[in-house]
Amino acid sequence: MSERITLQEIPLEELTIVPGSACQGCGPALASRLTFKVLGPNTIRHSVPCCPDAVTRTPGQGAEFEAGGNALTGTWRALKAIGRTDINVVGFFGDGGTYDIGLQALSAAAERNENVFVICKDNEAYMNTGNQRSSSTPLYALTTTTPLGIKSRGKDTPKKNVPMIFAAHGIPYVATTSIAFPTDLVAKVAYGKGIQGFKMLIIHAPCPTGWRFEPNMTIQVARLAVQTGAFPLYEIINGQKFKLNYKPKELRPVGEYLKAQGRFRHMTDAETGIVQQMTTSYWQKLLKMDEAGEVLF
Amino acid sequence: MVFDVMVGNKACAWGVKLSRVKVMSAFPVTPQTTITEYLSQFVADGEIDGEFVNAEGELATQAIVKASERAGARSFVCCSGPGQLYMHHPMHGTSSGRLPVVMATVHRGNKSMQPDHTDLMSQMWTGWIQWYVENNQEVLDSVIMAYKTAEDKRVRLPIALGYDGYILSYTAEPVEIPDQKDVDEFLPPYEAIPSILPQPGVPQASRGMGGMGGGRDPQGAWKTHHEAVVNSKSVIKEVNDAFGKKFGRKYGNGLIEEYRTEGAEAVIVAMGTIASTSKAAIDKLWDEHKPVGLIKLRTFVPFPTEDFQSIGKRVHAIGMIDRNCCLGLGGAGFQNIRDTLYDLSDRPKILGFYAGLSGAEVRVADIVKMADKTLKAARGEKIDSIIEWPLLGTVSGEE
């Protein structure tokens, strides 16, 4: 499991050139900044189309949208073949490249247990093309392809549970984290960097433009997602050992998180109630797993 | 020097082994499948010191070798028919990235399980060099030549090596296996240009949305790439000559091979295994005092324009046998030859024959008929049509 660190321990060196193509208050840009501080310069960053267009002080390897997991595989096998296994092979993808079009390649690389680190900055929609729904978009969220209308209340299915899909591959490490919890984020990147095999980290990274809130609220929105249980922070080793990393005595009502964002503002109390029920019930499950210290399916 | 009797797919795997390939990736598909098995066994036995990646599909295999080649490992990929089509997207990235990957395409047509050239022909616009070879010895030799050509600093382009499925892939022929020492002298180790490995103390930066954006001159990138493909012709010839000097075998001039064209009034043009069968037909025709030669079209992309212009000045008719059909436009070879010869002031007649599509058998007698018609056209006799489907309705194996 990852080891707690303090804010003072986060490296000062900047490897992300901000802002790239980021908007004000961009959650994924902060995710990039924190992540690459820990990964360091001995890293090859792999990219697929995503938002924002990250710029890092590391060499890069571009891949087709569907082929992030393949490019990581190719680089890792080449490094193995030429004896440069010291280099970090990292994918820095969005939720589209991870949850949807890139899922097959990542699943295959996970099953082969390639020694690569997949880091997903999850902003819960296709923001690069202007906020269309992805399978990471939560229930009821409005996007340009799940708009409000007389026949639509926004997205009609919940967020795909990708970390648990990868946990089911039995990979060495899968974890979730948030830009509002930088020490948790940094600790998990450091842990993943230090172990062999396929690692995956999903970083919850709000997008003020797509989620419709003021750019100065990014951290607060991200924090509320965790505090309400809408985006729980946990880690799983070898698909078995489980640990909940943020465990308040009581969750805050999920409505606090939803009301902070324009994409959920159309929701009725009844709809909020449905989301609250889903969130509480999943949280109970996670608490049970945390108590047992292992994934219970 | 060792001789063995082996099927085309084994010859291909031997070419990969002798070329000291470091990363291989493939997804099994008939009739390419056994290459994956031979390579896996070579790796399992320690005879290839490299990585074989069992990928989840052909698109994946191409994306894998694109990355491994860029990271500094000589890489190989192979496919067939539908797999070749599925692989299309990252093929553009491999060639745009000027990565000298070598790929074997074991032909399987787009309308059947049987061979024709439509799988690789469908990739005409991907910026890959395309070779079509005729026997198992040429398969093995061409893998080695392909790496030598592709990795040449004047070329730096991927090469697809097409050979007919079943007819070669699963048919055994005697093949000479070159000495590893000779191959090592011929083919130096691969070096990625530029290297993408992190350099301590050297500032590096990457921006990235999957390598899109096209750089500062995205339109110029098309021109540069196009010119690189066209200009590879001289290197293909050079490598073919050098291979001939080192190993005692070469394949025409690398682009085309002329067979009994001296004094010929007409030539037929054929690719792959049909070129092999055509040699027997040409011998028969000369025995009957019919002066028809054969052009084996080996390099299809870049098209050997200059060679055909020179042939066009020497003969009165050219009959192209296309084992493909570019639907709505016609045979790819036929179109290219007509295009190439248009500017000659005294043009020969150019005839087109569709043959061997979906694995239809093309016999010596069939080729003799096509050559006869071409000779008639050369002598100014009236012919019914410029383009024909002479073997229409024949099923593979039927009399």
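As the structure is a computational prediction, the values presented were derived from the model and not from experiment. (Residues numbered from 1 in each chain as written. Chains lettered and ligands numbered in written order. Predicted model: local features only at pLDDT ≥ 70, side-chain atom pairs only at ≥ 80, totals over all residues.)

Draft legend 1. Molecular detail of the overall build of chain A. The number of helices and strands found in chain A is 10 helices and 11 strands. Against the 2.2 N^0.38 benchmark of 19 Å for 297 residues, chain A shows a C-alpha radius of gyration of 18 Å, consistent with a compact globule. In terms of principal-axis extent, the alpha carbons of chain A reach across some 60 × 45 × 40 Å. Expressed as a percentage of the 297 residues in chain A, the buried residues total 55%. Within chain A, contacts between residues separated by at least 24 positions form 67% of all contacts whose residues are at least 6 apart in sequence. (Helix = DSSP H or I, 4+ residues; strand = E, 2+ residues; numbered from the N terminus. Rg over C-alpha atoms; globule rule 2.2 N^0.38 Å. Buried ≥ 20, exposed ≤ 12 C-beta atoms within 10 Å, placed from the backbone. Contact = placed C-beta atoms within 7 Å.)

Draft legend 2. Local environment of the environment of G25 of chain A. With respect to the helices, strands and loops of the structure, G25 of chain A is situated in the segment before α1 (27–39). Classification of G25 of chain A as partly exposed rests on a count of 19 C-beta atoms within 10 Å.

Draft legend 3. Representation of the domain arrangement of chain B in the model. Residue and element names in this part refer to chain B. Along its sequence, chain B is carved into domain 1 (2–195 + 223–247) and domain 2 (256–388). One C-alpha centre belongs to domain 1, the other to domain 2, and the line joining them spans 27 Å. Listed per partner, the contact involves 28 residues of domain 1 and 21 residues of domain 2. Among the elements of the structure, α6 (118–121), β6 (129–132), β7 (159–164) and α9 (218–247) are those that each provide at least two residues to the side of domain 1 that touches domain 2. If one sorts the elements of the side of domain 1 that touches domain 2 by residue count, α9 sits on top with 5 residues. Here the side of domain 1 that touches domain 2 is composed, by residue class, of 14 nonpolar, 9 polar and 5 charged. (Domains from an automatic or database assignment. Nonpolar A, V, L, I, M, F, W, Y, C, P; charged D, E, K, R; others polar.)

Draft legend 4. Main features of the pairing of β6 of chain B. All names here are of chain B. What you see with β6 is no split at all: I129 and W131 on one side and Q130 and Y132 on the other are buried throughout. Bridge analysis of β6 against β7 gives 4 bridges, and the strand direction is parallel. Of the residues in β7, the one forming a bridge with Y132 is G162. Following the chain from β6 across helix α7 (residues 136–150) to the adjacent parallel β7, one finds a crossover that is right-handed. Judged from the 2 bridges that link them, β6 and strand β13 (residues 299–301) form a sheet pairing that is antiparallel. Paired with Q130 across the strands is V301, a residue of β13. (Pairing = 2+ DSSP bridges. Right-handed = clockwise from strand over helix to strand, strands pointing away.)

Draft legend 5. Structural view of the interface of chain A and chain B. Each side of the interface is counted separately: chain A has 42 residues, and chain B has 35 residues. Looking at the side of chain A that touches chain B, the elements with two or more residues in it are β1 (43–47), β2 (55–56), β3 (60–62), α2 (68–82) and α4 (103–111) of chain A. Counting residues per element, the side of chain A that touches chain B draws most heavily on α2 of chain A, at 11 residues. Residues of the side of chain A that touches chain B, tallied by class, amount to 20 nonpolar, 14 polar and 8 charged.

Draft legend 6. Fine view of the confidence of the model for chain B. Per-residue confidence for chain B averages 95 on the pLDDT scale, and 96% of its residues sit at or above 70. For this predicted complex, the interface confidence score (ipTM) comes to 0.95, while the overall pTM stands at 0.95. (pLDDT = per-residue confidence, 0-100.)

Draft legend 7. Main features of helix α8 (residues 218–227) of chain A. All names here are of chain A. With respect to burial, α8 is a largely interior element, 7 of its 10 residues being buried. For α8, every residue scored as buried is listed here: T218, V221, A222, L224, A225, V226 and Q227. Along its buried surface, α8 packs onto α1, β8 (173–178), β9 (199–204), α7 (208–211) and α9 (254–259).

Draft legend 8. Structural view of unusual backbone geometry. In this structure, P31 of chain B follows T30 of chain B across a cis peptide bond, with omega equal to 5°. Along the polypeptide, P31 of chain B turns up in the loop between β2 (23–26) and α2 (33–44). With an omega of -5°, the peptide bond between V301 of chain B and P302 of chain B qualifies as cis. Along the polypeptide, P302 of chain B turns up in the loop between β13 and α11 (305–314). Its identity as a non-glycine residue notwithstanding, N131 of chain A has a phi of 75°, on the positive side. Mapped onto the elements, N131 of chain A comes out in the loop between β5 (117–122) and β6 (148–149). In this structure N131 of chain A comes out as buried when scored by C-beta crowding, with 25 C-beta atoms within 10 Å. Positive phi is not limited to glycine here, since S358 of chain B has a value of about 50°. Tracing the sequence through the fold places S358 of chain B in the loop between β15 (349–354) and α13 (364–378). Given 17 C-beta atoms within 10 Å, S358 of chain B falls into the partly exposed group.

Draft legend 9. Examining the nonpolar core more closely. Residue and element names in this part refer to chain B. Counting 210 residues, the largest nonpolar core has V102, I159, L161, V267, I268 and V269 as its most contacted members. The residue makeup of this core includes at least three contributed by each of domain 1 (2–195 + 223–247) and domain 2 (256–388). Setting aside its immediate chain neighbours within four residues, V269 contacts I295, L297, I318, G319, M320, I321, G333 and I337. (Core = buried A, V, L, I, M, F, W, Y, C linked by C-beta atoms within 7 Å.)

Draft legend 10. Fine view of α13 of chain B. Residues and elements named next belong to chain B. End to end, α13 covers 21 Å across 15 residues, agreeing with the expected 21 Å (1.5 Å per residue, within 8%). Buried within α13 we find D366, I367, V368, M370, A371, K373, T374, L375, A377 and A378. As for α13, its buried residues are in contact with β11 (266–270), α10 (272–287), β12 (292–297), β14 (317–322) and β15. Once α13 ends, the next one or two residues include G380, with phi positive near 80°. (Expected span 1.5 Å × (residues − 1).)

Draft legend 11. Broad picture of the pairing of strand β10 (residues 234–237) of chain A. Residue and element names in this part refer to chain A. The alternating pattern of β10 places Y234 and I236 and E235 and I237 on opposite faces, both of which are buried. When β8 meets β10, the two strands line up antiparallel, connected through 3 bridges. Counted as the bridge partner of V174 is I236 from β10. Note: β10 against strand β11 (residues 241–244), 4 bridges, orientation antiparallel. Looking at the pairing, I237 lines up with K241 of β11. Adjacent in sequence and paired antiparallel, β10 and β11 are bridged by 3 residues, among which N238 carries a positive phi angle near 50°.

Draft legend 12. A look at the packing of α11 of chain B against helix α12 (residues 332–341) of chain B. Residue and element names in this part refer to chain B. Contact geometry for α11 and α12: axes closest at 9 Å, N-to-C directions at 70°. The angle between α11 and α12 falls in the class roughly perpendicular. Only I337, T340 and L341 of α12 make contact with α11, whose side of the interface consists of T305, F308, Q309 and G312. Of the residues contributing to the contact of α11 with α12, the split by class is 3 nonpolar, 4 polar and no charged. (Axes fitted to C-alpha atoms, helices over the stretch in contact; angles between N-to-C directions. Parallel < 35°, antiparallel > 145°, perpendicular 65-115°, else oblique.)

Draft legend 13. Structural context of the sheet that holds β2 of chain B. Across the sheet, 7 strands lie side by side as β3-β2-β4-β5-β7-β6-β13 (chain B); this open sheet has mixed pairing. Strands with a single pairing partner mark the edges of an open sheet, and in this sheet they are β3 (51–54) and β13 of chain B. Strand-to-strand twist across the sheet, computed as the mean angle between neighbouring axes with direction ignored, equals 20°. Relative to strand β5 (residues 102–107) of chain B, strand β4 (residues 75–79) of chain B is paired through 4 bridges, and the arrangement is parallel. Paired with C79 of chain B across the bridge in β5 of chain B is T105 of chain B. Across the face of the sheet, α2 of chain A comes into contact with β2 and β3 of chain B while running at roughly 160° to β3 of chain B.

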